[in-house]
Amino acid sequence: MSENDRLTTTRGGALRRLLLLAGGAAGGIAGGRALAGHSEAAALPAPATPVPKSVEVVLYGRNWRLASHTAEHGKAPRPDEPRTPSGRIVGADGNHLGEFKAANVLGSGGALQLQTFDLEDGTIVGIGAGGVHENPFAIVGGTGRYVGASGTYVGKQAPPELGGDGTAEFRLTFTTRGGGDGI
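Owing to the predicted nature of the structure, the values given are computational and were not obtained by experimental measurement.

Draft legend 1. Here's a closer look at the overall build of the chain. Scanning the chain from N- to C-terminus turns up two helices and eight strands. Across the chain, helices and strands are ordered from the amino to the carboxyl terminus as α-α-β-β-β-β-β-β-β-β. In the chain, which comprises 183 residues, the share counted as buried stands at 24%. Contacts spanning at least 24 positions in sequence make up 40% of the contacts within the chain whose residues lie at least 6 apart. Carbon and sulfur atoms provide 58% of the accessible area of the chain, an area that totals close to 11,900 Å².

Draft legend 2. Region of interest: the pattern of salt bridges. Counted by the stated rule, this structure contains five salt bridges. Ionic contacts of the salt-bridge type, sharing partners, join the residues Glu 56, Glu 169 and Arg 171 into one network.

Draft legend 3. Representation of the environment of Gly 151 within the structure. One can find Gly 151 in strand β7 (residues 151-158). Along the sequence, Gly 151 and Phe 174 sit 23 residues apart, while their C-alpha atoms lie 4.5 Å from each other.

Draft legend 4. Up close: the nonpolar core. One finds Phe 117, Ile 124, Phe 170 and Leu 172 to be the most contacted residues of the largest nonpolar core, which totals 17 residues. Elements represented by at least two residues in this core include exactly β1 (53-67), β3 (96-107), β4 (110-119), β6 (136-142) and β8 (167-176). With residues up to four places along the chain from it excluded, the contact list for Leu 172 reads Val 55, Glu 56, Val 57, Leu 59, Ile 124, Ile 139, Thr 152 and Tyr 153.

Draft legend 5. Quick look at unusual backbone geometry. Positive phi outside glycine occurs at Asn 63, with the angle close to 55°. Relative to the assigned elements, Asn 63 resides in strand β1.

Draft legend 6. Representation of the packing of aromatic side chains within the structure. All chains considered together, the criterion is met by nine aromatic pairs. Judged by centre distance (5.1 Å) and plane angle (25°), the rings of Phe 100 and Phe 170 are stacked. Residue Phe 100 is found in strand β3, and its partner Phe 170 is found in strand β8; the two are separated by 70 residues along the sequence. Assessed through its relative accessible area of 1%, Phe 100 is described here as buried. Of the residues examined, Phe 170 reaches a relative accessible area of 0% and is grouped as buried. When the ring of Phe 117 is compared with that of Phe 170, the centres are 5.0 Å apart and the planes differ by 90°; the resulting orientation is edge-to-face. With Phe 117 in strand β4 and Phe 170 in strand β8, this pair connects stretches of sequence that are 53 residues apart. Exposure remark for Phe 117: the relative accessible area of 0% places this residue in the buried category.

Draft legend 7. Main features of the pairing of strand β5 (residues 122-129). Taken together, the five bridges between β5 and β6 define a ladder with antiparallel strand orientation. Along β6, the bridge assignment pairs Val 125 with Gly 141. Linkage of β5 to β6, two consecutive antiparallel strands, is achieved through a turn of six residues, within which Gly 131 is found at a positive phi near 120°.

Draft legend 8. Spatial organisation of a nonpolar patch on the surface. A grouping of Val 105, Leu 112 and Leu 114 is seen on the molecular surface, where their side chains present a nonpolar patch of about 220 Å² in accessible area. Structurally, Leu 112 can be placed in strand β4. On the basis of relative accessible area, Leu 112 is assigned to the partly exposed category, the value being 38%.

About the cut-offs
- Residues numbered from 1 in each chain as written.
- Predicted model: local features only at pLDDT ≥ 70, side-chain atom pairs only at ≥ 80, totals over all residues.
- Heavy atoms only, no water.
- Helix = DSSP H or I, 4+ residues; strand = E, 2+ residues; numbered from the N terminus.
- Buried < 20%, exposed > 50% of the residue type's maximum accessible area, 1.4 Å probe, protein only.
- Contact = heavy atoms within 4.5 Å.
- Areas by Shrake-Rupley, 256 points an atom, 1.4 Å probe, with all protein chains shown as cover.
- Salt bridge = Lys/Arg side-chain N within 4 Å of Asp/Glu carboxyl O.
- Core = buried A, V, L, I, M, F, W, Y, C linked by side-chain atoms within 4.5 Å.
- Phe/Tyr/Trp six-rings, centres within 6.5 Å; stacked < 30°, edge-to-face > 60°.
- Pairing = 2+ DSSP bridges.
- Patch = residues over 30% accessible without salt bridge, like charges linked within 9 Å, V, L, I, M, F, W, Y side chains within 5 Å.

Here is the structure:
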């Protein structure tokens, strides 16, 4: 047999060796239990799996504005120009919680928007179809208290540039890993 033949492994051969190794390991575990005086293989306790639950949080926006990143300073953006919202985030009591910013990712199918809630205790990042309409966004992660956050949200945005009163409301639904009352 040549050196290349000894070094070449077929998928079938590798799979057979892997199955033999796994079978030997399982047999060794069962055999070890039998030698320890157990007539039946004791079941290992399964690790506790947290039950996912949903938590809804409502955030409010104030001083809501639309900005264009390509318009000349001092000039109104073209009607077909992508714009991004920004503003302050407040709680139901009106207390300042952070800032909201967005960025458009332009493509041939329209704008995809990356939205960021920069809050006092961390950042929440969402992505979805661009615009200020009630489109659903996916929560794709976060920082601080929101590390590993996932879920969805829908926002109602009323910037004055579109005839609104400069407010917004976001209903975020987080999927938690259980065990806590928050995210």
